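Examining the three-dimensional arrangement
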Amino acid sequence: MDDMILVSIDDHSIEPPTMYEGHVPAKYRDKAPKVVRTPEGIDQWVFQGTATSTPFGMAATVGWPAEEWGRDAGTYSELRPGCFDLKARLSDMDANGVLASMCFPSMAGYNARTFAEAPDKNLSLMMLQAYNDWHIDEWCAGSDGRLIPLGMLPMWDADLAAAEVRRLAKKGCRAVSFLEAPHAQGYPSLLSGYWDPMLQAVVDEGTVLCLHIGGGMSLIKLAPEAPADHSVIVPTQVMTLVAQDLLFGPAFVKFPTLKVAFSEAGIGWLPFYLERVDRHVQNQKWLPNHFGGKLPSEVFREHVLACFITDPIGLKNRHEIGIDIIAWECDYPHTDTTWPESPEVVWGELTEAQAGEEDIHKITWQNACRFFGFDPFTRIAKPDATVGALRRRAAAAGIDTTRMSKHEWRRQNEAAGIGVVAR
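Residues numbered from 1 in each chain as written. Predicted model: local features only at pLDDT ≥ 70, side-chain atom pairs only at ≥ 80, totals over all residues. Heavy atoms only, no water.

Pairing in this open sheet of six strands is parallel, and the strands run β7-β8-β9-β10-β11-β12 from one edge to the other. Looking at which strands have only one partner, the edges of the open sheet turn out to be β7 (151-152) and β12 (326-328). Bridging between strand β8 (residues 175-179) and strand β9 (residues 208-212) involves five bridges; their strand directions are parallel. Within the sheet, the bridge partner assigned to V176 lies in β9 and is L209. (Pairing = 2+ DSSP bridges. Helix = DSSP H or I, 4+ residues; strand = E, 2+ residues; numbered from the N terminus.)

Here it is, written out as structure tokens:
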């Protein structure tokens, strides 16, 4: 286990309150999203007249006991600092034995949908680009090569999205986050052809389209009595519908080199799905088929990287899925994360699946690095990049992974001036 190398391609940053400082022109700084602490003691992002509370109870639970998770709004000072502070994040990665990470925008702060719904779209575009600049030029650039850049796209205009893909590529960012099922939120679907300018830019720039679960839940009509459990368990299964739109729609035909990562979608569902689509095409001869003499499963494997946090059944079926299209995720600091025991968890599942050394390396870092064109050893020697080496460094630095109550985090952080937001 200590000799494993872990590269996670699904983590999250909780955007710090100061993120727009230095990335927005001075004359627009007062219009940028701001975090304010309400008289009730809750931190809120405010943008274009709309306040959004921060439900850290689902998005940033990494430092708390599980009994305190939930959907309550909260404060930055209640969080483990690695959620929003770069130096602390890198230390937490060391403690977890994780060499490199790709961070998606937070569901607790501002994301592409928030900008799309704001009335002044020119201002929204400026602030979305400011987020991307902070993420690339500050968050990732300050990580000594350990954080893989990932940009957001403007969801309200395909041409603007295409332009942002190209702008990001010039900055060295060749991965973008996109709604996995845009029609679920009222935008044109991936079947419609509307997004072709953006997809063309993605292909031209060698960029990976990362489709993260969470935005497509409205595609499934839940019973009005459905408990909260549904919203946690069901989203991974929405990706089956996304796979259908991509595989049986025009995207992979029009863009034969398009690369798509299914982020946080799991892999256990794939053997059944790929077997089903192959049988369908071989059986339903009356339907037109555009797979060029290949099976749908073969086309799928040419385009998709399938990603998992913990998936023992999927790992046992790794060769039915395709050993070269499976990659691992940590999901720090969300409720699903395995931090700080990620090596123990994934090693246990790989051992149970009787995975050999070659398969382990592919799954834990090689497939992801190849797919995203990321060299993890540009600034760190391979012997220093292992789980064991990183954890020894964390131990020497005295990194404490103890979980504490929100109240205790708030007491300690505010005493140290960490995460304090002015009213």
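Next up on the list: the environment of L153. In this structure, L153 sits in the loop between β7 and α5 (158-170). For L153, a relative accessible area of 0% translates into the label buried. In sequence terms L153 and D245 are 92 residues apart; their C-alpha atoms lie 20 Å from each other. Beyond its immediate stretch of four places on either side in the chain, L153 contacts A112, L128, A161, E164, V165, L168, V176, S177, F178 and M198. (Buried < 20%, exposed > 50% of the residue type's maximum accessible area, 1.4 Å probe, protein only. Contact = heavy atoms within 4.5 Å.)

Before going further, it helps to examine the pattern of salt bridges. Applying the stated rule across the entire model yields 22 salt bridges. In this structure, D137 engages K171 in a salt bridge whose closest nitrogen and oxygen atoms are separated by 2.8 Å. Highlighted residues: D137 in helix α4 (residues 121-140) and K171 in the loop between α5 and β8, separated in sequence by 34 residues. Classification of K171 as partly exposed rests on a relative accessible area of 30%. Between E358 and K362 there is a salt bridge, and its shortest N-O distance comes to 3.8 Å. Residue E358 and its partner K362 are both found in helix α15 (residues 357-372); the two are separated by four residues, about one turn of the helix. A residue is classified by how much of its surface remains accessible, and K362, at 16% relative accessible area, is buried. (Salt bridge = Lys/Arg side-chain N within 4 Å of Asp/Glu carboxyl O.)

Another point: the nonpolar core. By size, the foremost hydrophobic cluster in this structure holds 108 residues, and its most contacted members are Y20, M198 and F262. Looking at which element gives the most residues to this core, the answer is α4, with ten residues. Counting 25 residues, the second-largest nonpolar core is a separate cluster that includes A100, F104, L150 and A327. (Core = buried A, V, L, I, M, F, W, Y, C linked by side-chain atoms within 4.5 Å.)

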